[in-house]
Amino acid sequence: MSYPYQIKSLEAYQQAYKQSIESPENFWADVASHFHWRRKWDKTLEWNFTEPKVEWFKNAKLNITENCLDRHLKNLANRPAIIWEPNDPEEHHRVLTYKDLHYKVCQFANVLKNNGVKKGDRVCIYMGMIPELAIAVLACARIGAIHSVIFGGFSAQSIADRLQDAQAEYIVTCDGAYRGQKDIPLKNVIDDALIGCRFVKRVIVCTRTRTPVSMLKGRDVWWEDEVKKVETLGMFDCPAEEMDAEDPLFILYTSGSTGKPKGVVHACGGYMVYTNYTFVNVFQYQPGDIHFCTADIGWITGHSYIVYGPLSAGATTLMFEGVPTYPDAGRLWDIVDKFRVNILYTAPTAIRSLMGFGLGPLQGKKLTSLKTLGTVGEPINEEAWHWFDEHVGKGKCPIVDTWWQTETGGILISNMAGITPSKPSWATLPLPGVQPILVDDRGEEITEAVDGEFKGNLCIKAPWPAIIRTTYGDHERCKKNYFSTYPELYFTGDGALKDEQGNYRITGRVDDVLNVSGHRIGTAEVENAINMHAGVVESAVVGYPHDIKGQGIYAFVIYNGGHGDDNLQRQNILQTVTRIIGPIAKPDKIQFVSGLPKTRSGKIMRRILRKIAENEMENIGDTSTLLDPGVVEEIKNGKL
Ligand code: 6R9
């Protein structure tokens, strides 16, 4: 596999960038010509950001799995596609070559078909990080079913909400999942979710932990039995379904500033081209390299840079079932040495947490195979950047700081390893095809620099191939969320700085979305969950700086439940949040208050609460417009 569109020098980047802006259609048509299409497009791009409507590679036909699997069989059949490292280092790892993976994807695609799944049906996947998860994802894509992967840390209630929203009639899960010392009973969680979702026709359960599970007659079947069935039927190959470039490939739910998570929809053609292009260019992947992205496939990073980007490039992708601190804080380094990993892509929160263990866990680790390091998910602070550079990269591996979102499908702003310069804690330059713009709150472009820096709300002017197409079942919501704040612009929800060389530094969300350990969580979502607890009258949730997580969750709660001490009440509230959303949304701090700062029209002044949570008591600003200014003093005095 060669990548004729791989950029090899700074000059080549500048030239590609210029060309991509002057003539986006020619630029992307040229990149796309290196993929396997059943039918070529009539028109490369048609778009407007008013409806919004974006169509890339109009009327082209393809199947992404033919690009991720079949086209590699001729030359790369025996190259490892997936290397899988289990949670327990004593358990044997697994290697699936492209030939193996092709076989297993076809096999499971037949299982899906045999269970009634058809093109366009939604399949919810709730599994741990085992190869069968990637196989299930690709099997859906093979037959044109729309997968919706749900991260293993979400609760039954969250799953039920997503199943309902996507009207998913099929589920693929495991009996359980191993994550560090934990053993998560996935199938039991699904059973709880299904109490309220009677429309689910089939649950396919893959064996992993041998946790006891209840199998409902007529609804639940075992993965292994179903595989045997299709083999007995002689169904080995599975021809790939012909998909339109604009057919949905998957739905992935993500948090916004409103209470309900949104189902972000990505389309087959553009997503394939863009994830591949960014994978090959940002990480400067070379044939034979081992790429290790530590994300979970339950998030967009796993979709784009464990599964689709690497596999469409014929790369070797490493999937790790466990966590960086199990059995000890040297686990990632052990994995790097064990498989001679070349590219390591992780999150700043993981780096900061490992920094906390000191240099001991790095002792005796070689890390000589590493060529490129990458970070994603949140801004990286300079201290973490330098630690990563010095102690992991040994000062010789470029670090790519990749900024992007679930909605963008792939990386938009990042340096390219060894090609464009890095700048600690700056995502740096837009990739070819990406046109960022900073605007003020009225949507006017920021044209004046203060101390050499432009500061504003980050928007994008024109579509790139992997831009969100819609929010599932509610196009208005997509329009309102991303394309209405500033007319004719895609609004990211992030604030950013730009220096005079055109480098971007993402400063964080400017909306009511928190970023906790690289996970997006809406404050409204957490408030809704807290408010469901008996005794809670009202609550307000804000973020505050947290050394390891980036942001922590601070909840101010009005409670009149009586009984028990404050600590027990706090535990009860945490329990409720865990039930409603999942453990990832548990507040770090809960302060009981008698009132919340509100305007005369009844709006909670989060700005004030944010300042208190951040310990910026002097900068609270004007409180005279509050209904009851006295409440601010009380909250300040009770600060945790
Ligand atoms: C890929 C992913 C998106 C939000 C995004 C921003 C933050 C992601 C970042 C970053 C600074 C980076 N973010 N990468 N902030 N520097 N390199 O994380 O998607 O889960 O949808 O989160 O994460 O705030 O808006 P998602």
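Residues numbered from 1 in each chain as written. Predicted model: local features only at pLDDT ≥ 70, side-chain atom pairs only at ≥ 80, totals over all residues. Heavy atoms only, no water.

> Go over the environment of Arg520 with me, naming the residues and quoting the values.
As for its placement among the helices and strands, Arg520 is situated in strand E27 (residues 519-522). Sequence separation between Arg520 and Gly377 is 143 residues, and the spatial gap between their C-alpha atoms is 8.8 Å. Sequence-distant contacts of Arg520, that is, excluding residues within four places in its chain, are made with Thr254, Ser255, Gln405, Thr406, Glu407, Arg509, Val513 and Leu514. A polar side-chain atom of Arg520 sits 3.4 Å from a polar atom in the side chain of Thr254. Here Ser255 takes part through its backbone oxygen, which lies 2.9 Å from a polar atom of the side chain of Arg520. (Helix = DSSP H or I, 4+ residues; strand = E, 2+ residues; numbered from the N terminus. Contact = heavy atoms within 4.5 Å. Polar contact = N/O pair within 3.5 Å; in protein donor to acceptor, adjacent residues only side chain to side chain.)

> Just give me the short version of the UniProt feature "domain: AMP-dependent synthetase/ligase" (unreviewed entry) in the protein chain, but keep the residues and values in it.
As annotated in UniProt, the feature "domain: AMP-dependent synthetase/ligase" (unreviewed entry) corresponds to residues 70-464 in the numbering used here. In the segment residues 70-464, helix accounts for 30% and strand for 22%; the C-alpha atoms at its two ends are 26 Å apart. (UniProt positions renumbered as here; feature names shortened; annotations may be inferred.)

> Describe the UniProt feature "domain: Acetyl-coenzyme A synthetase N-terminal" (unreviewed entry) in the protein chain, with residues and values.
Feature annotation in UniProt assigns "domain: Acetyl-coenzyme A synthetase N-terminal" (unreviewed entry) to the following positions: residues 13-68. From the first C-alpha to the last, residues 13-68 spans 26 Å; its make-up is 43% helix and 25% strand.

> Outline the site of the ligand, listing residues and values.
Near the ligand lie 17 residues; those nearest to it are Asp401, Thr402, Thr406, Asp494 and Arg520. The side chain of Arg520 places a nitrogen or oxygen atom 2.7 Å from an oxygen atom of the ligand. Computed on the free molecule, the ligand has an accessible area of 530 Å², of which 96% lies beneath the protein chains in the complex. When residues of the shell around the ligand are traced back to their parent elements, those giving at least two are helix H11 (300-312), strand E20 (399-402) and strand E25 (504-509). Per-class residue counts for the shell around the ligand are six nonpolar, six polar and five charged. (Near = heavy atom within 4 Å. Areas by Shrake-Rupley, 256 points an atom, 1.4 Å probe, with all protein chains shown as cover. Nonpolar A, V, L, I, M, F, W, Y, C, P; charged D, E, K, R; others polar.)

> Run through the domain arrangement of the protein chain, naming residues and quoting values.
Taken domain by domain, the protein chain holds domain 1 (66-241) and domain 2 (514-637). For domain 1 versus domain 2, the separation of C-alpha centres amounts to 38 Å. On the side of domain 2, seven residues touch domain 1, which itself brings six residues to the contact. Taking both sides of the interface into account, the surface hidden between domain 1 and domain 2 amounts to around 490 Å²; carbon and sulfur atoms contribute 56%. (Domains from an automatic or database assignment. Buried area = accessible area lost by both parts, 1.4 Å probe.)

> With reference to specific residues and values, describe the sheet that holds strand E24 (residues 490-499).
Taken in spatial order, the four strands of this open sheet run E21-E22-E24-E25, and their pairing is antiparallel. Two strands in the sheet have a free side with no partner beyond their single neighbour: strand E21 (436-439) and E25. Taken over all neighbouring pairs, the strand axes of this sheet differ in orientation by 45 degrees on average, direction set aside. Looking at chain direction, E24 and E25 are connected through five bridges and run antiparallel. Opposite Leu497, over in E25, you have Arg505 as the bridge partner. (Pairing = 2+ DSSP bridges. Axes fitted to C-alpha atoms, helices over the stretch in contact; angles between N-to-C directions.)

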